[in-house]
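The primary structure of each chain is shown beneath.
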Amino acid sequence: MANAQTRFEALVNALGADLYRFACWLCRDRTRAEDLVQETFLRAWRALDQLREEKSAKGWLITILRREHARGHARYEPKWRETELDEIAADGCSPVEVLHLRRELAALPEEYREPLLLQVLGGFDCDEIAAMLGLSKSAVMTRLFRARQKMRASILKTPKIAAPGAHKS
Amino acid sequence: MNCFEFRRHFTADPRSREPDIIRHRQECAACARFAQQQEKFESRLAEALNVEVPKELRARLVLRQSLQQPRRFRTLAIAAAVLLTVALAGGWWLQSPAHSLDRIVIAHIEGERELLASRDQVPADKVAQLTRAIGMPLQGDIGTVHVAEICPIGKHHGAHLILAGEKGPVTVLLLPRETVARRKSFERGGFQGVLMPTGYGGLAVVGEPGEALDDIARRMQRALHG
């Protein structure tokens, strides 16, 4: 029992924050995100013996979270509120730019947003993302390309925050 | 690989380690500059995704999981604690759980006395979320809440709320892993308090002398039972 508890707490320490951020951007509501993460870790606790290797833990937990999100999604309306500027921990980066990016991310359709989150927050490669989403690798690459193109195009359109020397695509 | 293919691939997957991608970047100055710009965008994207995580998240996750422990472990733990208490007291005097719990409650409040001065206003959804996390969900309007935190209280974690009362701040402690058999009032350390059973665990309400603690306790019980 102590071993399982230690294992569980190690997972929470290592992955709780990342899972919360993933959930935030997936469902675009902090309250719902925490509920999702709570449910995910509860399910993980009950099924801990199914996790064979700690290095698979992130993918396993994200899979559980995505399933929980899908189960609750039909009943749920996101109510994302604008992020306060003082929450942004930017280093050498304009808070306005990051705020703009956040707005663009929140506005991305889920079929573009989710692969992007899995790649950037989850650290998964395109083959892994394809397996998780049940898509071909080329479909994943197309969605990732479109997600970034959309966001970059929106930033480039805003004169105040266009990066100096940025290419127009 | 031509420049179009490189830029499309690199936009989709800036961390790609495919040999063709690496080679083209080394060989084409224009695409190397493109890749550099894309990497700057990636670091902004990573910052944008890096939203603040609630500082009590870890505690709430572990607490919620700990409440899922099989009941027999809780029973064994209580039995062991009672036996130890009997042994320490020479075997002729048994402390009732309520008697020691009010000491624990007052000790906790005194240890966090500075919270009583708070005049913040905690939103209702935060209170609902926090109390849900410990398995004692409060729903509906419970009054003005100045403080809502999860704390170690005695041997276990619980919710520590401070509400605005008629006579001053009122502390409400939700104690999911404490059993209170029946209502008990007490006075200690200049405070008056009441311990109440609920269907979810123990409830402690503590305030200034003359505060209508039973009214507040009943309000909490109604909020617990919907």
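Before reading on, note that the structure itself is shown above.
About the criteria used
Throughout, a residue's number is its position along its own chain's written sequence, starting from 1. Key to labels: chains lettered from A, ligands numbered from 1, both in the order written. Side-chain atom pairs in this predicted model are given and counted only at pLDDT of 80 or more, local residue features only at pLDDT of at least 70, and totals for whole chains, interfaces and linings cover all residues. Heavy atoms throughout the structure, all of them, feed into the side-chain values; hydrogens and water do not. What counts as a helix is a DSSP run of H or I of at least four residues, what counts as a strand is a run of E of at least two, and both are numbered from the N terminus. Any two residues whose heavy atoms approach within 4.5 Å at even a single point are treated as in contact. What counts as buried area is the accessible surface, traced by a 1.4 Å probe, that two parts surrender upon association, with contributions from both included. When a carboxyl oxygen of Asp or Glu is within 4 Å of a side-chain nitrogen of Lys or Arg, the pair counts as a salt bridge. Any pair of N or O atoms that falls within 3.5 Å is considered a polar contact. Within protein, one atom must be able to donate a hydrogen and the other to accept it, and sequence-neighbouring residues count only if both atoms are side-chain atoms. Each residue receives one of three labels: charged for Asp, Glu, Lys and Arg, nonpolar for Ala, Val, Leu, Ile, Met, Phe, Trp, Tyr, Cys and Pro, and polar for the others, Gly being one of them. Aromatic rings from Phe, Tyr and Trp, with only the six-membered ring used for Trp, were paired whenever their centres fell within 6.5 Å, and each pair was classed as stacked if the ring planes differed by under 30 degrees, edge-to-face if by over 60, and tilted otherwise. The buried label applies to any residue whose accessible area, calculated with a 1.4 Å probe on protein chains only, is under 20% of its type's maximum; exposed applies above 50%, and partly exposed to all values in between. DSSP-based pairing: two strands are paired if at least 2 bridges between them are found. By nonpolar core is meant a set of buried Ala, Val, Leu, Ile, Met, Phe, Trp, Tyr and Cys residues that side-chain atoms within 4.5 Å join together.

Time to look at the side chain of H24 of chain B. Mapped onto the fold, H24 of chain B is located in helix α2 (residues 19-27). Look past the residues within four positions of H24 of chain B in its chain and what remains in contact with it is M1, N2, C3, F6 and C31 of chain B.

Contacts between chain A and chain B engage 56 residues on the former and 40 residues on the latter. With both sides pooled, the region where chain A packs onto chain B buries about 4400 Å², and carbon together with sulfur makes up 57% of that total. Applying the counting criterion to the chain A and chain B interface returns six salt bridges. The closest approach of N and O atoms between R60 of chain B and E34 of chain A, which form a salt bridge, is 2.5 Å. There are 18 residue pairs in polar contact (both at pLDDT 80 or more) connecting chain A and chain B. Of all the secondary-structure elements, those providing two or more residues to the side of chain A that touches chain B are α1 (2-27), α2 (30-46), α4 (95-107), α5 (110-120) and α7 (137-157) of chain A. Looking at the side of chain A that touches chain B residue by residue, the class counts come to 30 nonpolar, eleven polar and 15 charged.

All names here are of chain A. Within the structure shown, the criterion is met by three aromatic pairs over all chains. Ring centres of F8 and W45 lie 5.6 Å apart, and the angle between their planes is 75 degrees; on these two criteria the pair is classed as edge-to-face. Of this pair, F8 sits in helix α1 while W45 sits in helix α2, and the two are 37 residues apart along the sequence. A residue is classified by how much of its surface remains accessible, and F8, at 0% relative accessible area, is buried. Judged by relative accessible area, W45 falls into the buried class, the value being 13%.

Residue and element names in this part refer to chain B. Bridge analysis of strand β1 (residues 145-153) against strand β2 (residues 156-164) gives eight bridges, and the strand direction is antiparallel. Each bridged residue has a counterpart across the sheet, and for A148 the counterpart in β2 is L161. Between β1 and β2, which follow one another and run antiparallel, lie two residues, and G154 among them has a positive phi close to 70 degrees. Two elements, β2 and strand β3 (residues 169-175), share six bridges in a ladder whose sense is antiparallel. Bridging from a neighbouring strand, A164 pairs with P169 of β3.

This next bit is on unusual backbone geometry. Residue and element names in this part refer to chain A. Here R28, not a glycine, exhibits a phi torsion of approximately 60 degrees, which is positive. In this fold, R28 is placed in the loop between α1 and α2. According to the relative accessible area criterion, R28 is partly exposed, its value standing at 21%.

It is worth spelling out α5 of chain A at this point. Counting buried residues along α5 of chain A, nine of its eleven residues qualify, which places the element largely inside the surrounding structure. The complete set of buried residues in α5 of chain A reads Y112, R113, E114, P115, L116, L117, L118, Q119 and V120 of chain A.

This brings us to the nonpolar core. Judged by nonpolar contacts, the single largest core of 58 residues is most densely connected at F41, L105 and L116 of chain A. The biggest single contributor to this core is α1 of chain A, with twelve residues. Setting aside residues up to four positions removed in sequence, L116 of chain A forms contacts with L105, L108, L121, L144, A147, R148 and M151 of chain A together with L45 of chain B. Counting residues in hydrophobic clusters, the runner-up holds 27 residues, among them V145, L161, V172 and L203 of chain B.

One pass over the full model with this rule turns up 21 salt bridges over all chains. One salt bridge in this structure joins E114 of chain A and R66 of chain A, with 2.3 Å as the shortest N-O distance. Here R66 of chain A lies in helix α3 (residues 57-73) and E114 of chain A lies in helix α5, a separation of 48 residues in the sequence. The same class applies to E114 of chain A as to R66 of chain A, namely buried. Across the salt bridge formed by D214 of chain B and R183 of chain B, the nearest N and O atoms sit 2.9 Å from each other. Within this pair, whereas D214 of chain B is found in helix α8 (residues 213-224), its partner R183 of chain B is found in the loop between β3 and β4 (184-188), the two being separated by 31 residues in sequence.

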